[in-house]
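# Working through the structure, step by step
Chain residues, written in single-letter form:
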Amino acid sequence: MSDDPVGLAKGLTNYGDPDFSLYLRRSFAQAMGYSREILERPIIGIASSPSGFNPCHRHMPELVDAVKRGVLAAGGLPIDFPTISLGETFLNPTSMMYRNLMSMDVEEMIHAQPINAVVAIGGCDKTIPAQLMGVANATMPVVQLITGPMSTSWHDGERLGACTDCRRFWGKYRAGEIDDVEINRVEGRLATTAGTCAVMGTASTMACLTETLGMALPGTAAIPAVHADRLRAAEASGKRAIELALMPKEKRILPRDIITEKSVENALRVLLAIGGSTNAIVHLTAVAGRLGIPVSLDRLNALSDETPVLVELKPTGQYYMEDLYAAGGLGAVLRELKGLLNLDCLTVSGETLGERLDAERAWVDRKVVRAFDDPIEPQGGLVALFGSLAPKGAILKRSAADSNLFEKEGRAIVFSSLEDLAARVDDPDLDVTEDDFMVLQNAGPTSPAAMPEAGYLPIPKKLARAGLKDMVRISDARMSGTAFGTIVLHVSPEAAAGGPLGLVRNGDRIRLSVKDRSIDLLVDDAELERRRAEPADNVTPEHRRGYKKLYYDHVLQADGGVDFDFLRDPDLL
Ligand code: FES
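Residues numbered from 1 in each chain as written. Predicted model: local features only at pLDDT ≥ 70, side-chain atom pairs only at ≥ 80, totals over all residues. Heavy atoms only, no water.

### Digging into the side chain of Asp-420
Inspection of the secondary structure assignment puts Asp-420 in helix H16 (residues 418-424). For Asp-420, the side chain forms a polar contact with the main-chain nitrogen of Ser-416, separated by 2.9 Å. If sequence neighbours within four positions are ignored, Asp-420 has contacts with Val-414 and Phe-415. (Helix = DSSP H or I, 4+ residues; strand = E, 2+ residues; numbered from the N terminus. Polar contact = N/O pair within 3.5 Å; in protein donor to acceptor, adjacent residues only side chain to side chain. Contact = heavy atoms within 4.5 Å.)

Structural data, given as structure tokens:
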């Protein structure tokens, strides 16, 4: 048994009389109908994140029930509690602004309440990163349970899943290839079950990285949200949490034993091999940063050079998360990468990654998960770019981009803000050709937009209608993991923080070289200095109170994981 106080006796409210505190706490707990006997058990806190504004978590109550079943059967007392929930498409200006708030909610509540171990349940884009950030420094064991991906649907004989297909059909609509009636029919068929986006978007990527890190039980990342196996995974997570809570203190596995430099490197490898979301770099930087583990973009490039893309999921390939589950799950990918992974990393199950992989069945569907020596791409899905336009780096998802555009110089067509973009991008008089580079400024972390997923700039309608499917687009924003295109993101430092991106003017030349990992603004220093002295556009309004003040006073750039400075390990600042 753990030598921490058990159950309600943990972390008593201090009235100067501990016996009175426990008596009072038990008395109020009994108001909820618990027997005195069950109140003696270790408590497993279930951090749940349901919300009427989060369809991806629609099945959360069922998952909570299944976790409770596992905890009760193994001798614990499960108590669920809500934290805030971040429904990706319902938040303004962007869910990214609230990821850190959710992480603080999770961190504070798991420590403030009498909890011996935690099952944290999340899924929609920012919720898993927020929970991992919030539990990274936890003083009790934590099992991460993922809500799981949506199942796919059909439209006139064609398989659909949010949200790569959302963007594909919207592109067709903008190009005039489909009409209002069809786009409205598609709208009702893209997201038809509970669960997270059905492709290798940010939610699925973070689910895979969570299992790779070892924070979720083996084999659980890809289970569809509505599959009975998902409920069994929830029950097993509850059971495992009580096992961890009952361990003697010296044997107890804490998140900091699992999230280590080596397991973070494994997560980066898997990110590259699955053609995962660019957002995951920011999130992993933030999670690791809570524990003083740096994530360097130079290291990402080195890993990318030797890590092949193996998974044929949209937006890189043609399949969906439910296909990955049927094809063998993430374990099939991990087995292919085995020679590159740090196999001595501990997982929440108590096994090392190597022990886990040795024990697994070897079946795999090669249509979905390719062999290491027969990859989709010989190099990783993501690459970091550096240069005079992005001194601290930028990201390109090359696995979802047009390689014909990788070595190119172009004329900048500049939009100074998202408002400016919306006002002008479809103007028939806009001077733009397919060889130009579209540049969006002031969409980074400290801008009024707060780094939304706006980096997937729409192709100007007149070019889309002429059949153009891709062109180079550059910004300090992020991009949905479900999107595709030759899109340079997370340019750092951002325009609003004085980065060179804010100095780009219409007609400037920019050179992109994926081969050289470079992105350069071809304007001489004297001219840039002259521009720097000009009054700034689109200044972030001053916030004098509330969460927005906290956010704008403390948010870091992309290379700091867009975390708050006071939450990141001080050694990394
Ligand atoms: Fe929730 Fe995509 S909107 S995962």
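### Looking at the pattern of salt bridges
Summed over all chains, the structure comprises 51 salt bridges. In this structure, Asp-431 engages Arg-411 in a salt bridge whose closest nitrogen and oxygen atoms are separated by 2.9 Å. A residue pair is termed long-range when its members are at least 10 positions apart, and Asp-431 in the loop between H16 and strand E10 (437-440) and Arg-411 in strand E9 (residues 407-415) qualify at 20 residues. Under the relative-accessibility criterion, Arg-411 is labelled partly exposed at 22%. Residue Arg-530 pairs with Glu-534 through a salt bridge whose shortest N-O separation is 3.2 Å. Given the relative accessible area of 46%, Arg-530 is considered partly exposed. One network of salt bridges, in which partners are shared, links Arg-505, Asp-508, Glu-527, Arg-530, Arg-531 and Glu-534. (Salt bridge = Lys/Arg side-chain N within 4 Å of Asp/Glu carboxyl O. Buried < 20%, exposed > 50% of the residue type's maximum accessible area, 1.4 Å probe, protein only.)

### Observations regarding the environment of Arg-530
By secondary structure assignment, the location of Arg-530 is in helix H18 (residues 525-532). In this structure the C-alpha to C-alpha distance between Arg-530 and Leu-503, which are 27 residues apart in sequence, comes to 9.6 Å. Here the side chain of Arg-530 touches Glu-527 through a polar contact of 3.0 Å, side chain to side chain.

### Considering the nonpolar core
Formed by 109 residues in total, the largest nonpolar core has its most connected members in Ile-121, Leu-324 and Tyr-551. Apart from the residues lying within four places of it in its own chain, the contact partners of Ile-121 are Ile-46, Ala-47, Ser-48, Ser-49, Met-60, Leu-63, Val-64, Val-67, Gln-131, Gln-144, Leu-145 and Thr-147. Ranked by size, the runner-up nonpolar core spans 27 residues in total, among them Val-383, Ala-390, Val-491 and Ala-495. (Core = buried A, V, L, I, M, F, W, Y, C linked by side-chain atoms within 4.5 Å.)

### A look at the pairing of strand E14 (residues 518-521)
Across four bridges, strand E13 (residues 509-513) lies against E14 in antiparallel orientation. Within E14, the position partnered with Leu-512 by the bridge is Ile-519. (Pairing = 2+ DSSP bridges.)

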